[in-house]
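Architecture at a glance
Chain residues, written in single-letter form:
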Amino acid sequence: MFTGIVEIIGVVSELNHQAEDGGTNLTISDASEILSDCHLGDSISVNGTCLTVTWFDKSSFKVGVAPETLRRTNLGSLKQNSKVNLERAVSATTRMGGHFVQGHVDTVATILKKEPDGNAITFRFQPRDRSVLRYVVEKGYVTLDGASLTITKVDDEEAWWEVMLISYTQEKVVTASKTPGDEVNVEVDQIGKYVEKAVEGYFSQGSSGEPAILQKMVEKIVDARLSKPQQ
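Residues numbered from 1 in each chain as written. Predicted model: local features only at pLDDT ≥ 70, side-chain atom pairs only at ≥ 80, totals over all residues. Heavy atoms only, no water.

1. Some thoughts on the pairing of strand E10 (residues 147–155)
Relative to E10, strand E9 (residues 141–144) runs antiparallel, the two being bridged by four bridges. Note on E10: the bridge partner recorded for valine 142 is leucine 149. With antiparallel pairing between neighbouring strands as the criterion, E9 and E10 make up a hairpin whose turn holds two residues, including aspartate 145 at a positive phi of roughly 50 degrees. Bridge count between E10 and strand E11 (residues 160–165): four bridges; the pairing is antiparallel. When the bridges of E11 are listed, isoleucine 151 appears paired with valine 163. (Pairing = 2+ DSSP bridges. Helix = DSSP H or I, 4+ residues; strand = E, 2+ residues; numbered from the N terminus.)

Rendered as structure tokens:
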């Protein structure tokens, strides 16, 4: 699990495409700040994608990227010298400055617009899978390339949302250097998914065909009313 607070920006120094399985091995350099306590098998968020460390030294590490991950994320578009957001998995002493991030990318989104607003920049995004918009709410959280950001505006009909990057954040994440047409990895707030499933449980039948929870609650109230003696 991660917080969405990007620790450093690393650089892709090597890509090795695996013809036999369709995956890719990435070597990421300029990462010494997050490798002092690294172990083989640790999880590191690379542009918001949870990946497992398979090798490391003082300043670089390697991760494997599966074909499914390449299809679902923007990691397949990385090239040598591409910059990536990096964050280590949380520890017991980590401050939760962002929000709960799993590192499981839901979809990618395309930058529709990039506009300055004083010393800030407003970005407009449109997701490839538009069903994720039901989890995107104004003033809520969204993770873009691993960075926890606050949503400033949403248009469900036109299928886009906006975020604003303040000047400090612009220096800390790769998104600031992207332009319209570029893609970012998107992970929506997982709490919204849990709430949706819980609410659905009140209205849908159980797996064995038993009545929905809400139906049983209503029936119980009605039965209680009917069982009362008439005045």
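2. Some details on the sheet that holds strand E3 (residues 43–46)
Read once around its circumference, the closed barrel built from six strands follows the order E1-E2-E5-E4-E3-E6, with strand pairing classed as antiparallel. Averaged over all pairs of adjacent strands, the angle between their axes in this sheet comes to 45 degrees, without regard to strand direction. Where E3 meets strand E6 (residues 83–88), three bridges bridge the pair, whose relative direction is antiparallel. When the bridges of E6 are listed, isoleucine 44 appears paired with arginine 88. (Axes fitted to C-alpha atoms, helices over the stretch in contact; angles between N-to-C directions.)

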